[in-house]
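Each chain, letter by letter, is given below.
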Amino acid sequence: MSKVFSALAVSVDGFITGRDPGADRGLGDGSVLFDWYGSGDVPSRLFDGFRLTEPSARVFDDLAGRIGAVIVGRNTYEDSSHFGGGSPHPTAPVFVVTHRPAPDITDRQTLVTTGIEDAVAAARDAAGGKDVGLMGGGVVTAALRAGLVDELVLHQVPVLLGAGRRYFQDLPEHVRLRLVDVTPAPDVTHLHYQVER
């Protein structure tokens, strides 16, 4: 069965955006979280324009190559200007989880209004045996609450943003993790965890 995982860039103080994120503002003042996408000379095999350091390219392309479908939350969808009507991944369909109307959804995107469990089931069906990627703190937290997350990857950037949207929101109980791999790289440390159940 396909795995469900999240791999997001995060500040040392736990933020996945800076202050004032939104449409046409992206991560707000937190764009430093994505600097490592262009800080090297190794082109990504999957994402045009990304030039990473060798260790980051290895980790990034391995994770991106696993993805068969992506689930995003409404804030991520809005902050990313609806992904231009497509997906944040070059080959994977996107499922947008929201309880609010989303009039700008295109035929290349799927709106899910019935919760994270239904979104994960639909994304798994669409993933063709590949894994499902989660984007956005609300979606990751909802999936953790529902016991649906297999792995978490924190691309930890050495910066304290001080404010923004957090990677993890409030959880009803502890979630135990097992460290699988640590890959240090210039501008970022890749921390790969398995969620223990």
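As the structure is a prediction and not an experimental result, all values here were calculated from the model.

Examining the sheet that holds strand 4 (residues 67-73)
Thinking step 1. Taking strand neighbours across the sheet as the criterion, the eight strands line up as 6-5-4-7-1-8-10-9 in an open arrangement whose pairing is mixed. For this open sheet the edge positions go to strand 6 (109-112) and strand 9 (177-185), each flanked by a neighbour on one side alone. The average undirected angle you get between the axes of adjacent strands in this sheet is 20 degrees.
Thinking step 2. Strand direction decides the pairing type here: strand 8 (residues 151-157) and strand 10 (residues 188-195), joined by six bridges, are antiparallel. Residue pairing for strand 10: E151 is matched across the bridge by Q194.
Thinking step 3. Lying on the sheet, helix 1 (residues 54-66) is in contact with strand 1 (4-11), strand 4, strand 7 (131-135), strand 8, strand 9 and strand 10; it crosses strand 9 at an angle near 135 degrees.
Thinking step 4. In the packing of helix 4 (residues 137-145) onto the sheet, contacts are made with strand 1, strand 4, strand 5 (94-97), strand 7, strand 8 and strand 10, and the angle to strand 7 comes to roughly 125 degrees.

Concerning the pairing of strand 5
Thinking step 1. Neither face of strand 5 is left uncovered, since the one carrying V94 and V96 and the one carrying F95 and V97 both have all their residues buried.
Thinking step 2. Pairing of strand 4 with strand 5, which is carried by four bridges, proceeds in the parallel orientation. For I71, the partnering residue across the bridge sits in strand 5 and is F95.
Thinking step 3. Handedness of the strand 4-helix 2 (residues 74-79)-strand 5 crossover: right-handed.
Thinking step 4. In this sheet, strand 6 lies alongside strand 5 in parallel orientation, the contact comprising four bridges.

A short note on helix 3 (residues 116-126)
Thinking step 1. Considered for burial, the residues of helix 3 that qualify are I116, A119, V120 and A123. Viewed along the axis of helix 3, the buried residues span an arc of 95 degrees, placing them on a single side of the element.
Thinking step 2. As for helix 3, its buried residues are in contact with strand 1, strand 4, strand 5, strand 6, strand 7 and helix 4.
Thinking step 3. After helix 3 finishes, the residue G128 shows a positive phi value of roughly 60 degrees.

Let's talk about the pattern of salt bridges
Thinking step 1. For the structure shown, the criterion picks out eleven salt bridges.
Thinking step 2. K3 is the partner of E151 in a salt bridge, and the nearest nitrogen-oxygen pair spans 3.1 Å. Highlighted residues: E151 in strand 8 and K3 in the segment before strand 1, separated in sequence by 148 residues.
Thinking step 3. Exposure remark for E151: the relative accessible area of 8% places this residue in the buried category.
Thinking step 4. Residue class for K3 comes out partly exposed when judged on its relative accessible area of 38%.
Thinking step 5. Taking the shortest distance from any N to any O, the salt bridge between R165 and D79 comes out at 2.2 Å. Taken as a pair, R165 in the loop between strand 8 and strand 9 and D79 in helix 2 lie far apart in primary sequence, 86 residues in all.
Thinking step 6. Among the residues examined, R165 registers a relative accessible area of 28% and is labelled partly exposed.
Thinking step 7. The class for D79 is buried, based on a relative accessible area of 10%.
Thinking step 8. Salt bridges here are not isolated pairs; linked through shared partners, they connect K3, R66, D131 and E151.

The rules we used
Here the residue numbers are simple positions, counted from 1 along each chain's written sequence. Given that the model is predicted, a residue must reach a pLDDT of at least 70 before its local features are reported, and side-chain atom pairs must reach 80 or more before they are shown or counted; all residues, however, enter totals for whole chains, interfaces and linings. Excluded from the side-chain calculations are hydrogens and water; all other atoms, namely the structure's heavy atoms, are used. The rule for pairing is simple: two strands pair if DSSP sees at least two bridges between them. Here a strand is any run of E in DSSP of at least two residues, a helix any run of H or I of at least four, and the numbering for each starts at the N terminus. Helix axes use the C-alpha atoms of the stretch in contact, all axes being lines fitted to C-alpha atoms, and the angles between their N-to-C directions lie in the range 0 to 180 degrees. Note on definitions: a residue-residue contact is assigned when non-hydrogen atoms from the two residues lie within 4.5 Å. Partly exposed residues are those whose accessible area sits between 20% and 50% of the maximum for their type, while under 20% is buried and over 50% is exposed, using a 1.4 Å probe and protein chains only. Here the term right-handed applies to a crossover when the path leading from its first strand over the helix to its second strand runs clockwise, the strands being oriented away from the viewer. Note: the arc covers the axis-to-C-beta directions of the helix. Salt bridges are defined as contacts in which a side-chain nitrogen from Lys or Arg sits within 4 Å of a carboxyl oxygen from Asp or Glu.

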